[in-house]
Amino acid sequence: MAHVQVSNNVAIGILALQGAFAEHQTALQKLSCQKKIAVVLVRTVEDLSACDALIIPGGESTTIALLAKLAGLLEPLRTFLQKKPVWGTCAGAILLAQAVENTKKGGQELLGGISVTVARNGWGSQVESFEAALSIEGLRDPTTPFMGVFIRAPVVLAIHPSTENPPIEIIARLPINLVPKSQKLMAHAGGDSGLHDSQSIVALRQGRHMLTTFHPELTKDSRFHEYFVRTCVLPPLL
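Just so it is clear, the model here is predicted, and its values are computed rather than measured.

## A short note on the UniProt feature "binding site: L-glutamine" (unreviewed entry) in the protein chain
According to UniProt, the feature "binding site: L-glutamine" (unreviewed entry) maps to Gly 59, Glu 60, Ser 61, Arg 120, Ile 151 and Arg 152 in the numbering used here. These annotated residues cover 94 residues of sequence, and their C-alpha atoms lie no more than 12.8 Å from one another, placing them together at a single site. Locating Glu 60 in the fold gives a position in the loop between β3 (53–56) and α3 (61–70). Non-local contacts of Glu 60, meaning those with residues more than four positions away in its chain, are made with Gln 18, Ala 91, Lys 104, Arg 120 and Arg 152. There is a polar contact of 3.0 Å between the side chain of Glu 60 and the backbone nitrogen of Thr 63. Its location among the elements puts Ile 151 in the loop between β8 (146–150) and β9 (155–159). Owing to a relative accessible area of 23%, Ile 151 belongs among the partly exposed residues under this scheme.

Structure (structure tokens):
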């Protein structure tokens, strides 16, 4: 979709190389906000240049990175991150991390942008996926839990504070009582049965960037998309 540069419009791109980009598109199209949202499915550098913000969807992080490299998008995406807001969900969260563990053989291309280390498949394989009702104060109607869908989800292993970067704001944590018993916890938890402090983090912000280790796009609840637009995308444009 072409972006027309009108003050009443905001163009939000979705990296549409692989993964759940169509579900993000549906969620964004439901929103009503101060500016009209134009959704751009990003597959080329030209598509990316039309965007005011970007969502990197869940999927397979190594595949998304490989396809982005083949499309000549890796460096333009890194440049975009320095200037404009980006939200990564699940695989997208991995790509936004500063460092990643438990990678496939040959390593993992990253975009960076958020000062965290994550581990791929932090809760186990596809068959160990689960859902959990999350209490999140910053969302619209915060008394209604948000259903987090965790599918081969990454785990935040560490936060790396820096005076050179904006502080990290924790949006949501996964309480230990909501973790299925079979997953308390994987090998990188040091062999104990509880969540380390950073590993309970499932959503966070750093400046205008945001990551969620779960899949908000796989629910019919668009409140996380509204939160991203309201807190990360719109403020500099108003």
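## Here's the deal with the sheet that holds β9
With mixed pairing, the three strands of this open sheet are ordered in space as β5-β6-β9. Each edge of the open sheet is held by one strand with a lone partner, namely β5 (97–101) and β9. The sheet shows a mean angle of 30° between the axes of neighbouring strands, taken without regard to direction. With four bridges connecting them, β5 and strand β6 (residues 114–119) associate as parallel partners.

## Thoughts on helix α4 (residues 74–81)
Along α4, the positions that sit buried rather than exposed are Leu 74, Leu 77, Arg 78, Phe 80 and Leu 81. Along the axis of α4, the buried residues cluster in a sector spanning 160°; they form a single face.

## So, α3
Those residues of α3 that sit buried are Ser 61, Thr 62, Ile 64, Ala 65 and Ala 68. For α3, the buried positions fall inside an angular range of 160° around the axis, keeping them on one side. Directly beyond the C-terminal end of α3, a positive phi value near 70° is found at Gly 72.

## So, a nonpolar patch on the surface
On the surface, Leu 66, Leu 67 and Leu 70 cluster together into a nonpolar patch covering about 290 Å² of accessible area. Classification of Leu 67 as partly exposed rests on a relative accessible area of 30%.

## A few points about the sheet that holds strand β4 (residues 86–89)
Taken in spatial order, the seven strands make up an open sheet running β2-β1-β3-β4-β12-β11-β10, and their pairing is mixed. At either end of the open sheet lies a strand with only one pairing partner, and these are β2 (36–42) and β10 (168–173). The sheet shows a mean angle of 15° between the axes of neighbouring strands, taken without regard to direction. Bridge analysis of strand β11 (residues 201–206) against strand β12 (residues 209–212) gives four bridges, and the strand direction is antiparallel. Of the residues in β12, the one forming a bridge with Ala 203 is Thr 212. Taken strand by strand, α4 contacts β1 (9–15), β3, β4 and β12, and its axis lies near 125° from that of β3.

## Description of the nonpolar core
Phe 150, Leu 174 and Phe 224 are the most contacted members of the largest nonpolar core, which has 37 residues in total. With six residues, the single largest contributor to this core is helix α6 (residues 223–233). Phe 224 has contacts with Trp 87, Ile 136, Leu 139, Phe 146, Ile 171, Ala 203, Met 210, Thr 212, Phe 214 and Pro 216, leaving out every residue within four places of it along the chain.

## Examining the packing of aromatic side chains
A complete count under the given rule lists eight aromatic pairs for this structure. With a centroid separation of 5.5 Å and an interplanar angle of 75°, the aromatic rings of Phe 214 and Phe 224 are classed as edge-to-face. A residue pair is termed long-range when its members are at least 10 positions apart, and Phe 214 in the loop between β12 and α6 and Phe 224 in helix α6 qualify at 10 residues. You'll find Phe 214 and Phe 224 in the same group, each marked buried.

## Considering the UniProt feature "active site" (unreviewed entry) in the protein chain
UniProt records the feature "active site" (unreviewed entry) at Cys 90, His 215 and Glu 217, using the numbering of this structure. In sequence the annotated residues extend across 128 residues, while in space they remain close, none of their C-alpha pairs exceeding 10.4 Å. Position of His 215 among the secondary structure elements: in the loop between β12 and α6. Setting aside chain neighbours within four positions, we find His 215 in contact with Gly 58, Gly 59, Cys 90, Val 149 and Ile 151. Within the secondary structure, Glu 217 is located in the loop between β12 and α6. Excluding residues that lie within four positions of it along the chain, Glu 217 makes contacts with Ala 20, Glu 23, His 24, Gly 58, Thr 89 and His 225. Separated by 3.4 Å, the side chains of Glu 217 and His 24 make a polar contact.

Rules of the game
- Residues numbered from 1 in each chain as written.
- Predicted model: local features only at pLDDT ≥ 70, side-chain atom pairs only at ≥ 80, totals over all residues.
- Heavy atoms only, no water.
- UniProt positions renumbered as here; feature names shortened; annotations may be inferred.
- Helix = DSSP H or I, 4+ residues; strand = E, 2+ residues; numbered from the N terminus.
- Contact = heavy atoms within 4.5 Å.
- Polar contact = N/O pair within 3.5 Å; in protein donor to acceptor, adjacent residues only side chain to side chain.
- Buried < 20%, exposed > 50% of the residue type's maximum accessible area, 1.4 Å probe, protein only.
- Pairing = 2+ DSSP bridges.
- Axes fitted to C-alpha atoms, helices over the stretch in contact; angles between N-to-C directions.
- Arc of directions from axis to C-beta.
- Patch = residues over 30% accessible without salt bridge, like charges linked within 9 Å, V, L, I, M, F, W, Y side chains within 5 Å.
- Areas by Shrake-Rupley, 256 points an atom, 1.4 Å probe, with all protein chains shown as cover.
- Salt bridge = Lys/Arg side-chain N within 4 Å of Asp/Glu carboxyl O.
- Core = buried A, V, L, I, M, F, W, Y, C linked by side-chain atoms within 4.5 Å.
- Phe/Tyr/Trp six-rings, centres within 6.5 Å; stacked < 30°, edge-to-face > 60°.

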